[in-house]
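# Observations on chain architecture
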Amino acid sequence: MLNYIVYRLLLIIPILFGVTIVVFILNQLIPGDPVDFMLDIDATEADREYIRSYLGLDKPLIVQYFIWLSNILQGDFGMSVTRQTEVSYLILGALKNTAILIAVGGTIAFIIALIIGIFSAMYPKSKMATLSNVLGISCVSIPNFWAALMLIGLFAVFLGWLPASGIRSTGQESSLLDMAKHLVLPAIAVGLTTIGTMTRIVRSTFVDIFKQDFVVTLRAKGQGKGTIMKHVFKNGLPPVLVVAGLEIGSLMGGSVITESIFNWPGVGKLLYDAISQRDYPLIQGGILIISLLFVSVNMIVDVLHAYVDPRIRKSLGGGAS
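Residues numbered from 1 in each chain as written. Predicted model: local features only at pLDDT ≥ 70, side-chain atom pairs only at ≥ 80, totals over all residues. Heavy atoms only, no water.

## Structural notes on the overall build of the protein chain
Check the secondary structure of the protein chain and you find 12 helices and zero strands. For the protein chain, with 321 residues in total, the buried portion stands at 40%. A sequence separation of at least 24 residues applies to 72% of the contacts in the protein chain between residues at least 6 apart. For the protein chain, the accessible surface area stands at approximately 17,600 Å², while carbon and sulfur atoms represent 67% of it. When the 23 basic and 20 acidic side-chain charges of the protein chain are each reduced to a single mean position, those positions are 24 Å apart. (Helix = DSSP H or I, 4+ residues; strand = E, 2+ residues; numbered from the N terminus. Buried < 20%, exposed > 50% of the residue type's maximum accessible area, 1.4 Å probe, protein only. Contact = heavy atoms within 4.5 Å. Areas by Shrake-Rupley, 256 points an atom, 1.4 Å probe, with all protein chains shown as cover. Lys, Arg positive; Asp, Glu negative; His and termini not counted. Charge placed at Lys NZ, Arg CZ, Asp CG, Glu CD.)

## Observations concerning the packing of helix H8 (residues 213-220) against helix H9 (residues 225-262)
It is at 10 Å that the axes of H8 and H9 come closest, and there the two elements cross at 170°. Relative to H9, the element H8 lies roughly antiparallel. Contact residues: Phe-214, Val-215, Leu-218 and Arg-219 in H8; Ile-228, His-231, Val-232 and Asn-235 in H9. Residues that form the contact of H8 with H9 fall into these classes: five nonpolar, two polar and one charged. (Axes fitted to C-alpha atoms, helices over the stretch in contact; angles between N-to-C directions. Parallel < 35°, antiparallel > 145°, perpendicular 65-115°, else oblique. Nonpolar A, V, L, I, M, F, W, Y, C, P; charged D, E, K, R; others polar.)

## Brief notes about the UniProt feature "transmembrane region" (unreviewed entry) in the protein chain
If you check UniProt for "transmembrane region" (unreviewed entry), the listed places come out as residues 7-30, 99-122, 134-162, 182-202, 240-262 and 282-304 in our numbering. Annotation note: span residues 134-162, helix share 79%, strand share 0%, distance between end C-alpha atoms 27 Å. In this annotation, residues 240-262 is assigned 100% helix and 0% strand; the end-to-end C-alpha distance for the span is 30 Å. (UniProt positions renumbered as here; feature names shortened; annotations may be inferred.)

## Some details on the packing of aromatic side chains
Tallying each qualifying case throughout the model produces seven aromatic pairs. Centroid distance Tyr-65 to Trp-68: 6.3 Å. Interplanar angle 55°. Geometry classified as tilted. With Tyr-65 and Trp-68 both in helix H3 (residues 61-73), this residue pair falls three residues apart, about one helical turn. Taken as a pair, Tyr-65 and Trp-68 share a single burial class, namely buried. Ring centres of Phe-155 and Trp-161 lie 6.1 Å apart, and the angle between their planes is 45°; this geometry places the pair in the tilted category. Judged by relative accessible area, which is 24%, Phe-155 ranks as partly exposed. Ring-pair connections join several aromatic residues into one group, and the members of that group are Phe-24, Tyr-65, Phe-66 and Trp-68. (Phe/Tyr/Trp six-rings, centres within 6.5 Å; stacked < 30°, edge-to-face > 60°.)

## Considering the pattern of salt bridges
Summed over all chains, the structure comprises two salt bridges. Across the salt bridge formed by Asp-273 and Lys-269, the nearest N and O atoms sit 2.8 Å from each other. With a gap of four residues between them, Asp-273 and Lys-269 both fall in helix H10 (residues 267-276), about one helical turn apart. The exposure classification of Asp-273 matches that of Lys-269, with both residues buried. One salt-bridge network, in which partners are shared between bridges, spans Arg-83, Lys-269 and Asp-273. (Salt bridge = Lys/Arg side-chain N within 4 Å of Asp/Glu carboxyl O.)

Following this line, the structure appears as structure tokens:
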């Protein structure tokens, strides 16, 4: 098991190295010049050249990449071109808000999917099973931005129950209750796709498990539903856990649009603004941090999968490293 964890940690290194190359190349394909956002329209060409030299944009791309990579390895993500603030400071400040959004949205989605999926698997011919299929297809098919706009239109504009944007109300003292109110709509919007995907996977996973021989044997022995569900849950949790870990990537991707629509000050909103302003250091640093988080979460999920599934632990003990 320890060898497996070390192997997964070492595997992160080449993955992140590849990510830095892809991020840097894609960053160069963004049209526009960051110098235009730093200077007035009447700035002279000499001013432009000075700023370009100061930012290192006059060097060959390969040199720019290795300078940036060297700084990254030293923990220096550079300075935001438009905000004149360290990229690491901006990202860490926004990352806290994104983590809250993803944690709440993901937890709600996972609990709802688990309840509906297991219940519809237990009673495959019930109305709940039909409802789970409709819910799964609907949530997967609904784009995040459309769901966000509909939620704002219904609960913020028409009913007036919840705030439409921001993380706290202006002119009021910040409180946990106020933040919770602002969190409801974006959390639902970001978790809708995950609800659809997880519901369908949980249902199909547990339907297959209920058909296995050990469940038939437990029923034949007269075991109660509680005992049967205990064994079923142990067998169904590992694959569901893996999918839940992968869905974190979808939550991160969906947070970019969701945070922008709800003006939620997270990494997604920060990246959206950075792309609009051609802020290269902020774009590169933000995507790199998100990639690191995604890879780390997947590694943690793999380790947890091996921990909760004795078959995988047995195979790892048999020589996997």
